[in-house]
Amino acid sequence: MWKPFAKEYVENLKSEIDLKKIDYIIANHAEIDHSGALCDLMKEIPDTPIYCTANGVKSLKGQFHQDWDLHVVKTGDKLSIGNGKELIFIEATMLHWPDSMMCYLTGDNILFSNDAFGQHYASEFMFNDLVDQNELYVECMKYYANILTPFSAFVTKKINEVLSFNLPVDMICTSHGIIWRDDPAQIIKKYLQWADAYKENQITVVYDSMWENTRIMAEHIIQGIKDTDSTVTVKLYNIAHTDKNDAILEIFKSKGVLFGSSTINSGILSGMAGLIEEVRGLKFKGKKASSFGSYGWSGESVKMLNDLVSKAGFELTSEGIKVLWTPDDEGKKQCIEFGRKFAADVK
Ligand code: FEO
């Protein structure tokens, strides 16, 4: 439970069960959205053993500085929980923190997958078959794009490892998001696709503009893209008015991305700087990019953008395009031509 709701969590738990009847606590992950209520719970039942990975010990001790009864488990370790049922632990290092772990409940065939296969999404309906399917799909992909992309190699490896155990999975209970009970394998298949340098037939144009001149460039660049390829999906975002997580989802889906910014103080606008810093950390693979922007006198933004996106792992298709002041007819023509060439380069 996330820390601000710790008290409500413990009260709700008390209304479900006598806390003294809790024999074990499984800490699949100690990031504070999962472990934020642990201190409040442990105040009630301080001697209850907590099962976690070796890195979980570091994380729990490092964050809470408590002398709890911590038990380290590794992949394959089992814990009998009565009625013939066992929890089987599966370390999931770097999915997405060093301490991450999943566990599997025999008998009920439930995989408690922790962050994996989850979403930043809540529904009173709780189960995957009861929620809006399109909304769920978008939330799953947005979660993957923003959280798991840099760990894609681990995703593929871990899924294949778990599949090799040949355990029947009737349900996947994530730590946040809906519960997968209808064809839970569907999200596993999607993760294998998303982990493999995923892209669709899409180009995303994302920009930040001081006085609308870079916006005018973006719109003419898109005209050029559509001239060359009428089938490609093109999405346009002003990052100053767009949630970065949404923009990153669209970048994740794209085969090509154009980054735009006016020049300000010999650099780029802060909205674009923030987006590129997030994109850098996500280590996207197999995507092409270039840059554009307007300027009034010095015009450093385009080169700076190209340097940044190149360092972020994008393959540059050109040196980008810059236009002095407001694009005139000639400037607009150059933008259209730039868009045509970019569409051809990413086709
Ligand atoms: Fe890694 Fe849901 O926190």
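None of these values were measured; they are calculated from a predicted model. The written sequence of each chain sets the order in which its residues are numbered from 1. The predicted origin of the model limits local features to residues at a pLDDT of at least 70 and limits the giving and counting of side-chain atom pairs to 80 or more, whereas totals for whole chains, interfaces and linings rest on all residues. The side-chain quantities take in all heavy atoms of the structure and omit both hydrogens and water.

**Student:** Now, about the packing of aromatic side chains: what can you tell me, with residues and values included?
**Tutor:** Classification of ring pairs rests on two measures: the distance between centres of Phe, Tyr or Trp rings, Trp counted by its six-membered ring, which must be within 6.5 Å, and the angle between planes, read as stacked under 30 degrees, edge-to-face over 60 and tilted in between. For the structure on display, the rule yields 15 aromatic pairs. Where Tyr51 meets Phe89, the ring centres are 6.3 Å apart and the plane angle is 5°; that geometry is what we call stacked. You can see Tyr51 sitting in strand β2 (residues 50-52) and its partner Phe89 sitting in strand β5 (residues 85-91), a full 38 residues away along the chain. Across the pair, exposure class does not vary: Tyr51 and Phe89 are buried alike. Judged by centre distance (4.7 Å) and plane angle (55°), the ring pair of Phe117 and Tyr191 falls under tilted. You can see Phe117 sitting in the loop between β7 (110-114) and α5 (133-148) and its partner Tyr191 sitting in helix α7 (residues 185-194), a full 74 residues away along the chain. Whether a residue is buried, partly exposed or exposed follows from its accessible area with a 1.4 Å probe, protein chains only, as a fraction of its type maximum: under 20%, in between, or over 50%, in that order. Classification of Phe117 by relative accessible area gives buried; the value is 4%. Among the aromatic side chains, those forming a connected cluster through ring pairs are Phe117, Tyr137, Tyr144, Tyr191, Trp194, Tyr198, Phe252, Phe259, Phe284 and Phe314. Definition used: whenever NZ (Lys) or CZ (Arg) falls within 6 Å of the ring centre and also within 35 degrees of the ring normal, the charge is taken to sit over that ring. In this arrangement the basic side chain of Arg181 is found over the ring face of Phe127, its NZ or CZ atom lying 4.1 Å from the centre. In this arrangement the basic side chain of Lys322 is found over the ring face of Tyr295, its NZ or CZ atom lying 5.1 Å from the centre. Helix numbering and strand numbering both begin at the N terminus, where a helix is a DSSP run of H or I of at least 4 residues and a strand a DSSP run of E of at least 2.

**Student:** With reference to specific residues and values, describe the pairing of β7.
**Tutor:** Most of β7 sits inside the fold, with four of its five residues counted as buried. Pairing geometry for strand β6 (residues 101-105) and β7, over three bridges, is antiparallel. Across the sheet, the residue bridging to Tyr104 is Leu111, located in β7. Two strands are counted as paired when DSSP detects at least two bridges linking them. Between β6 and the antiparallel strand that follows it, β7, lie four residues; Gly107 among them carries a positive phi value of about 85°.

**Student:** How would you sum up the layout of surface pockets? Please name residues and give values.
**Tutor:** Of the pockets and cavities examined, the largest pocket occupies roughly 1,300 Å³. Along the walls of the largest pocket sit 31 residues, with Met1, Tyr9, Ile26, Phe112 and Ser175 positioned nearest its centre. Of all the elements in the fold, those that place two or more residues in the lining of the largest pocket are α1 (6-16), β1 (25-26), α2 (32-35), α3 (38-44), β6, β7 and β8 (171-174). At three residues, α2 tops the list of elements feeding residues into the lining of the largest pocket. Each residue is assigned to one class: nonpolar for Ala, Val, Leu, Ile, Met, Phe, Trp, Tyr, Cys and Pro, charged for Asp, Glu, Lys and Arg, and polar for all the others, Gly among them. Considering only residue class, the lining of the largest pocket consists of 19 nonpolar, nine polar and three charged. Buriedness of a pocket was judged along seven lines, with at least five required to meet protein on both sides within 12 Å; pockets are open sets of points on a 1 Å grid over the protein atoms alone, cavities are sets where a 1.4 Å probe fits but cannot get out, and lining residues have an atom within 4 Å of a point. Grid points are joined across faces, edges and corners, and a volume is the space filled by probe spheres set on the points.

**Student:** Now, about a nonpolar patch on the surface: what can you tell me, with residues and values included?
**Tutor:** Nonpolar side chains collect at one region of the surface, where Met1, Trp2 and Phe5 lie side by side and expose about 310 Å² of accessible area between them. Position of Trp2 among the secondary structure elements: in the segment before α1. Residue Trp2 is classed as partly exposed on the basis of its relative accessible area of 46%. Each patch is built from salt-bridge-free residues with over 30% relative accessible area, joining like charges within 9 Å and nonpolar side chains (Val, Leu, Ile, Met, Phe, Trp, Tyr) within 5 Å. For the area figures, the Shrake-Rupley method with a 1.4 Å probe applies, and any residue is considered shielded solely by the protein chains shown. For this document, the term salt bridge refers to a Lys or Arg side-chain nitrogen within 4 Å of an Asp or Glu carboxyl oxygen.

**Student:** So what's going on with the sheet that holds β6? Residues and values would help.
**Tutor:** The strand order across the open sheet built from six strands is β4-β5-β6-β7-β8-β9, with neighbouring strands paired in mixed fashion. Where the open sheet ends on each side, the last strands, each with one partner, are β4 (78-82) and β9 (179-180). The pairing of β4 with β5 spans four bridges and is classified as antiparallel. Each residue of the ladder has a partner; that of Ser80, found in β5, is Glu86.

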